[in-house]
Amino acid sequence: MAMESTTDTLAEDADIDAPAVSLRGWSLSGKQGDVFTDVDLEVPTGAVAVVRGPAGSGKTSFLLSLAGRMKVSAGEGRLGDLDIRKQTRKVRGQVAVGHIGGLTDLEDDFTVAQHVAERQIMLQPWYKPWASKSTLREVIGLFRDAFTTATELIDDLPPGTFSKQDAQRADFLIDDDGEVFVSELSELQKFFLEFSLASLSRPPVVVIDNIDYLRESADRARAWAGILIYQQMRRTRDPEDPLTVIVSCEDSSELDIATSSLGSRAEPSVLELELPPHLPAQRGSKH
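Residues numbered from 1 in each chain as written. Predicted model: local features only at pLDDT ≥ 70, side-chain atom pairs only at ≥ 80, totals over all residues. Heavy atoms only, no water.

> So what's going on with the pattern of salt bridges? Residues and values would help.
Enumeration according to the criterion identifies eight salt bridges in this entry. For Glu272, the salt bridge identified is with Arg52, shortest N-O distance 2.4 Å. Note that Glu272 is positioned in strand E10 (residues 269-274) and Arg52 in strand E4 (residues 48-52), a separation of 220 residues in sequence. By relative accessible area, Glu272 is classed as buried at 7%. Its relative accessible area of 17% is what places Arg52 among the buried residues. (Salt bridge = Lys/Arg side-chain N within 4 Å of Asp/Glu carboxyl O. Helix = DSSP H or I, 4+ residues; strand = E, 2+ residues; numbered from the N terminus. Buried < 20%, exposed > 50% of the residue type's maximum accessible area, 1.4 Å probe, protein only.)

Here it is as C-alpha coordinates:
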(Lines give C-alpha, C1' and ligand atoms only; values in the text may rest on other atoms or scores of the structure.)
Protein backbone atom coordinates (compact mmCIF):
# COMPACT_ATOMS: atom_id res chain seq x y z
CA MET A 1 0.00 0.00 0.00
CA ALA A 2 1.53 3.28 -1.06
CA MET A 3 1.95 6.24 1.24
CA GLU A 4 1.60 9.76 -0.09
CA SER A 5 3.47 12.67 1.44
CA THR A 6 1.95 16.13 1.80
CA THR A 7 4.16 18.44 3.85
CA ASP A 8 7.84 17.51 4.09
CA THR A 9 9.43 20.35 6.05
CA LEU A 10 11.49 18.28 8.45
CA ALA A 11 12.65 19.83 11.69
CA GLU A 12 16.42 20.12 11.78
CA ASP A 13 16.64 17.81 14.76
CA ALA A 14 14.59 15.01 13.18
CA ASP A 15 16.79 12.28 11.68
CA ILE A 16 15.17 10.98 8.51
CA ASP A 17 17.63 8.06 8.51
CA ALA A 18 16.25 6.82 11.83
CA PRO A 19 12.47 6.48 11.42
CA ALA A 20 10.34 6.36 14.53
CA VAL A 21 8.16 3.67 12.92
CA SER A 22 8.95 1.41 9.98
CA LEU A 23 6.49 -1.14 8.56
CA ARG A 24 6.75 -3.62 5.69
CA GLY A 25 3.83 -5.76 4.57
CA TRP A 26 1.96 -4.96 7.82
CA SER A 27 -1.30 -6.93 7.68
CA LEU A 28 -4.13 -8.03 9.94
CA SER A 29 -6.81 -10.56 9.06
CA GLY A 30 -9.69 -11.88 11.14
CA LYS A 31 -12.68 -14.17 10.86
CA GLN A 32 -14.51 -11.54 8.85
CA GLY A 33 -11.66 -10.98 6.40
CA ASP A 34 -8.84 -8.48 6.05
CA VAL A 35 -8.75 -5.56 8.49
CA PHE A 36 -5.77 -3.92 6.74
CA THR A 37 -3.27 -5.48 4.43
CA ASP A 38 0.24 -5.03 3.08
CA VAL A 39 0.94 -1.62 4.62
CA ASP A 40 4.39 -0.14 3.98
CA LEU A 41 5.14 2.95 6.07
CA GLU A 42 8.08 4.92 7.39
CA VAL A 43 7.43 7.73 9.86
CA PRO A 44 10.44 10.00 10.51
CA THR A 45 11.20 10.83 14.12
CA GLY A 46 9.35 13.98 15.16
CA ALA A 47 6.81 13.79 12.33
CA VAL A 48 3.02 13.75 12.25
CA ALA A 49 1.56 10.72 10.46
CA VAL A 50 -2.08 10.98 9.41
CA VAL A 51 -3.87 7.65 8.93
CA ARG A 52 -6.95 8.40 6.83
CA GLY A 53 -9.85 6.19 5.91
CA PRO A 54 -13.62 5.80 6.18
CA ALA A 55 -15.31 4.13 9.13
CA GLY A 56 -14.57 0.42 9.08
CA SER A 57 -11.24 0.73 7.28
CA GLY A 58 -9.25 -0.63 10.25
CA LYS A 59 -7.76 2.63 11.54
CA THR A 60 -8.24 1.80 15.24
CA SER A 61 -6.82 -1.70 14.85
CA PHE A 62 -3.88 -0.28 12.91
CA LEU A 63 -3.02 2.15 15.72
CA LEU A 64 -3.42 -0.55 18.36
CA SER A 65 -1.03 -2.77 16.41
CA LEU A 66 1.58 0.00 16.32
CA ALA A 67 1.20 0.44 20.07
CA GLY A 68 1.86 -3.25 20.73
CA ARG A 69 -1.73 -3.83 21.88
CA MET A 70 -2.97 -5.93 18.94
CA LYS A 71 -1.16 -8.73 17.09
CA VAL A 72 -0.92 -8.56 13.32
CA SER A 73 -1.09 -11.54 10.98
CA ALA A 74 1.92 -10.77 8.82
CA GLY A 75 4.63 -8.24 8.11
CA GLU A 76 7.63 -6.63 9.74
CA GLY A 77 7.43 -3.63 12.03
CA ARG A 78 9.96 -1.66 14.02
CA LEU A 79 9.56 1.09 16.58
CA GLY A 80 13.01 2.62 16.57
CA ASP A 81 15.24 -0.34 17.48
CA LEU A 82 12.36 -2.47 18.78
CA ASP A 83 10.66 -5.28 16.86
CA ILE A 84 6.97 -4.49 17.32
CA ARG A 85 5.84 -8.11 16.95
CA LYS A 86 8.49 -9.67 19.19
CA GLN A 87 8.95 -6.97 21.85
CA THR A 88 5.37 -5.92 22.54
CA ARG A 89 5.90 -5.17 26.25
CA LYS A 90 8.72 -2.74 25.51
CA VAL A 91 6.72 -1.23 22.63
CA ARG A 92 3.78 -0.56 24.95
CA GLY A 93 6.16 1.36 27.19
CA GLN A 94 7.30 3.52 24.27
CA VAL A 95 3.96 4.25 22.55
CA ALA A 96 1.38 6.19 24.59
CA VAL A 97 -2.29 6.25 23.63
CA GLY A 98 -3.69 9.78 23.49
CA HIS A 99 -7.24 8.79 22.58
CA ILE A 100 -8.94 5.53 21.68
CA GLY A 101 -12.61 5.22 22.54
CA GLY A 102 -13.19 2.62 25.26
CA LEU A 103 -9.50 2.53 26.19
CA THR A 104 -8.65 6.06 27.35
CA ASP A 105 -12.10 7.13 28.56
CA LEU A 106 -11.94 9.59 31.46
CA GLU A 107 -13.93 9.23 34.68
CA ASP A 108 -16.63 11.92 34.86
CA ASP A 109 -16.61 11.98 38.68
CA PHE A 110 -12.83 12.50 38.84
CA THR A 111 -11.29 15.95 38.84
CA VAL A 112 -8.57 16.93 36.39
CA ALA A 113 -6.09 16.91 39.30
CA GLN A 114 -7.11 13.38 40.29
CA HIS A 115 -6.53 12.10 36.74
CA VAL A 116 -3.12 13.78 36.54
CA ALA A 117 -2.12 12.53 39.99
CA GLU A 118 -3.22 8.98 39.21
CA ARG A 119 -1.17 8.89 36.00
CA GLN A 120 1.85 10.50 37.68
CA ILE A 121 1.80 7.92 40.50
CA MET A 122 1.67 5.09 37.94
CA LEU A 123 4.90 6.44 36.41
CA GLN A 124 6.74 6.72 39.72
CA PRO A 125 8.49 4.01 41.79
CA TRP A 126 6.20 1.99 44.09
CA TYR A 127 7.68 3.69 47.16
CA LYS A 128 6.47 7.12 46.01
CA PRO A 129 2.67 6.75 45.83
CA TRP A 130 1.87 10.45 45.66
CA ALA A 131 2.06 13.41 43.28
CA SER A 132 3.28 16.81 44.39
CA LYS A 133 1.19 19.94 43.89
CA SER A 134 4.04 21.52 41.94
CA THR A 135 3.96 18.62 39.45
CA LEU A 136 0.20 18.90 39.11
CA ARG A 137 0.41 22.63 38.49
CA GLU A 138 3.15 22.17 35.88
CA VAL A 139 1.17 19.56 33.95
CA ILE A 140 -2.05 21.56 34.14
CA GLY A 141 -0.14 24.67 33.05
CA LEU A 142 1.16 22.91 29.93
CA PHE A 143 -2.36 21.70 29.22
CA ARG A 144 -3.80 25.19 29.57
CA ASP A 145 -1.04 26.77 27.43
CA ALA A 146 -1.59 24.35 24.57
CA PHE A 147 -5.37 24.81 24.72
CA THR A 148 -5.40 28.59 24.94
CA THR A 149 -2.72 29.09 22.29
CA ALA A 150 -4.52 26.77 19.88
CA THR A 151 -7.81 28.54 20.57
CA GLU A 152 -6.31 32.01 20.01
CA LEU A 153 -4.73 30.98 16.71
CA ILE A 154 -7.90 29.48 15.31
CA ASP A 155 -10.13 32.29 16.56
CA ASP A 156 -7.86 34.83 14.81
CA LEU A 157 -8.51 33.30 11.40
CA PRO A 158 -10.24 35.50 8.80
CA PRO A 159 -14.04 35.78 9.00
CA GLY A 160 -15.79 33.05 7.06
CA THR A 161 -13.26 30.32 7.91
CA PHE A 162 -15.77 29.00 10.43
CA SER A 163 -19.26 30.11 11.34
CA LYS A 164 -19.57 32.81 14.01
CA GLN A 165 -20.92 30.25 16.46
CA ASP A 166 -18.06 27.81 15.79
CA ALA A 167 -15.43 30.50 16.20
CA GLN A 168 -16.57 31.64 19.62
CA ARG A 169 -13.84 31.18 22.18
CA ALA A 170 -14.51 28.22 24.47
CA ASP A 171 -14.81 28.90 28.19
CA PHE A 172 -11.77 27.48 29.94
CA LEU A 173 -12.94 25.92 33.16
CA ILE A 174 -9.69 24.41 34.43
CA ASP A 175 -8.22 26.23 37.42
CA ASP A 176 -4.55 26.07 38.41
CA ASP A 177 -5.17 23.24 40.88
CA GLY A 178 -7.34 21.21 38.51
CA GLU A 179 -10.30 20.98 40.86
CA VAL A 180 -12.87 20.96 38.04
CA PHE A 181 -14.62 17.64 37.36
CA VAL A 182 -14.25 15.91 34.01
CA SER A 183 -18.03 15.99 33.59
CA GLU A 184 -17.79 19.81 33.37
CA LEU A 185 -15.25 19.81 30.53
CA SER A 186 -15.98 20.28 26.84
CA GLU A 187 -15.07 17.49 24.42
CA LEU A 188 -12.08 19.53 23.26
CA GLN A 189 -10.83 19.98 26.82
CA LYS A 190 -11.19 16.23 27.40
CA PHE A 191 -9.17 15.65 24.22
CA PHE A 192 -6.35 17.85 25.52
CA LEU A 193 -6.50 16.19 28.94
CA GLU A 194 -6.15 12.72 27.36
CA PHE A 195 -3.27 13.97 25.21
CA SER A 196 -1.59 15.53 28.25
CA LEU A 197 -1.93 12.35 30.29
CA ALA A 198 -0.42 10.33 27.43
CA SER A 199 2.48 12.78 27.20
CA LEU A 200 3.35 12.68 30.92
CA SER A 201 5.85 9.85 30.47
CA ARG A 202 7.54 11.74 27.59
CA PRO A 203 7.06 8.80 25.20
CA PRO A 204 8.75 8.80 21.78
CA VAL A 205 5.39 8.16 20.07
CA VAL A 206 1.76 9.05 20.83
CA VAL A 207 -1.15 7.57 18.84
CA ILE A 208 -4.54 9.31 18.67
CA ASP A 209 -7.56 7.62 17.13
CA ASN A 210 -10.52 9.22 15.38
CA ILE A 211 -9.94 12.94 15.89
CA ASP A 212 -13.27 13.29 14.01
CA TYR A 213 -15.11 12.48 17.24
CA LEU A 214 -14.74 16.22 17.91
CA ARG A 215 -17.91 17.27 16.12
CA GLU A 216 -17.11 20.91 15.39
CA SER A 217 -14.66 21.71 12.62
CA ALA A 218 -13.18 24.56 14.69
CA ASP A 219 -12.52 22.16 17.58
CA ARG A 220 -10.74 19.73 15.28
CA ALA A 221 -8.57 22.59 14.02
CA ARG A 222 -7.80 23.57 17.63
CA ALA A 223 -6.93 19.96 18.44
CA TRP A 224 -4.52 19.72 15.50
CA ALA A 225 -3.00 23.06 16.46
CA GLY A 226 -2.55 21.90 20.04
CA ILE A 227 -0.75 18.75 18.90
CA LEU A 228 1.63 20.79 16.74
CA ILE A 229 2.19 23.36 19.50
CA TYR A 230 3.03 20.66 22.04
CA GLN A 231 5.38 18.98 19.54
CA GLN A 232 7.21 22.26 19.04
CA MET A 233 7.39 22.93 22.80
CA ARG A 234 8.96 19.52 23.38
CA ARG A 235 11.33 19.95 20.43
CA THR A 236 12.48 23.29 21.83
CA ARG A 237 12.98 21.95 25.35
CA ASP A 238 14.81 18.79 24.26
CA PRO A 239 15.90 18.68 20.60
CA GLU A 240 17.30 15.17 21.11
CA ASP A 241 13.91 13.80 22.18
CA PRO A 242 11.24 14.91 19.68
CA LEU A 243 7.69 13.56 19.77
CA THR A 244 6.22 11.56 16.89
CA VAL A 245 2.41 11.64 16.64
CA ILE A 246 0.24 9.24 14.63
CA VAL A 247 -3.39 10.35 14.25
CA SER A 248 -6.30 8.64 12.50
CA CYS A 249 -9.22 10.48 10.90
CA GLU A 250 -11.62 10.42 7.98
CA ASP A 251 -10.78 13.97 6.86
CA SER A 252 -7.59 15.89 7.66
CA SER A 253 -8.55 19.26 6.15
CA GLU A 254 -8.45 20.97 9.58
CA LEU A 255 -4.78 19.99 9.88
CA ASP A 256 -4.06 22.22 6.87
CA ILE A 257 -5.89 25.08 8.62
CA ALA A 258 -3.89 24.57 11.83
CA THR A 259 -0.58 24.35 9.96
CA SER A 260 -1.21 27.52 7.99
CA SER A 261 -2.36 29.34 11.15
CA LEU A 262 0.80 28.42 13.05
CA GLY A 263 3.15 29.35 10.23
CA SER A 264 6.79 29.36 11.32
CA ARG A 265 5.82 28.63 14.93
CA ALA A 266 5.50 24.96 14.02
CA GLU A 267 6.79 23.43 10.80
CA PRO A 268 6.02 19.73 11.05
CA SER A 269 6.83 16.90 8.72
CA VAL A 270 3.41 15.51 7.77
CA LEU A 271 2.88 12.12 6.14
CA GLU A 272 -0.43 10.64 5.05
CA LEU A 273 -1.46 6.99 4.80
CA GLU A 274 -4.75 6.05 3.19
CA LEU A 275 -6.51 2.91 4.44
CA PRO A 276 -9.20 1.81 1.98
CA PRO A 277 -12.51 0.33 3.15
CA HIS A 278 -12.49 -3.44 3.30
CA LEU A 279 -15.28 -5.88 2.64
CA PRO A 280 -16.05 -8.72 5.04
CA ALA A 281 -15.28 -12.21 3.87
CA GLN A 282 -18.23 -13.75 2.06
CA ARG A 283 -19.53 -17.09 3.23
CA GLY A 284 -19.87 -19.84 0.71
CA SER A 285 -23.41 -20.41 -0.50
CA LYS A 286 -25.16 -23.74 -0.10
CA HIS A 287 -26.47 -25.53 -3.12
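> Residue-level account of unusual backbone geometry, with values.
Look at Asp38: it is not a glycine, yet its phi comes out positive at around 55°. Within the secondary structure, Asp38 is located in strand E3 (residues 33-44). Look at Asp38 and you get partly exposed, because its relative accessible area is 41%. In this structure, Arg202 takes a positive phi of about 55° despite not being glycine. Mapped onto the elements, Arg202 comes out in the loop between helix H5 (187-199) and strand E8 (205-208).

> Give me the lowdown on the sheet that holds strand E5 (residues 74-79), citing residues and values where you can.
Here four strands make up an open sheet; going across it, the order is E3-E2-E5-E6 and the pairing antiparallel. Each edge of the open sheet is held by one strand with a lone partner, namely E3 and strand E6 (82-83). With two bridges connecting them, E5 and E6 associate as antiparallel partners. Opposite Arg78, over in E6, you have Asp83 as the bridge partner. Along the sheet, helix H1 (residues 59-66) makes contact with strand E2 (19-30) and E3, crossing E2 at roughly 125°. (Pairing = 2+ DSSP bridges. Contact = heavy atoms within 4.5 Å. Axes fitted to C-alpha atoms, helices over the stretch in contact; angles between N-to-C directions.)

> Quick rundown of H1? Include the residues and the values.
The buried count for H1 comes to seven of eight residues, which makes it a mostly enclosed element. Every buried residue of H1 is accounted for by Lys59, Ser61, Phe62, Leu63, Leu64, Ser65 and Leu66. Positioned one or two residues after H1, Gly68 has a phi angle of 75°, which is positive.

> I'd like a rundown of the side chain of Asp209, residues and numbers included.
Assignment of secondary structure puts Asp209 in the loop between E8 and helix H6 (217-237). Although Asp209 lies buried, it forms no salt bridge, and the closest oppositely charged side chain, Lys59, sits 6.1 Å away as judged by the N-O distance. For Asp209, the side chain forms a polar contact with the side chain of Ser248, separated by 2.5 Å. Residues within four places of Asp209 in sequence aside, it is in contact with Lys59, Thr60, Leu63, His99, Ile100 and Ser248. (Lys, Arg positive; Asp, Glu negative; His and termini not counted. Polar contact = N/O pair within 3.5 Å; in protein donor to acceptor, adjacent residues only side chain to side chain.)

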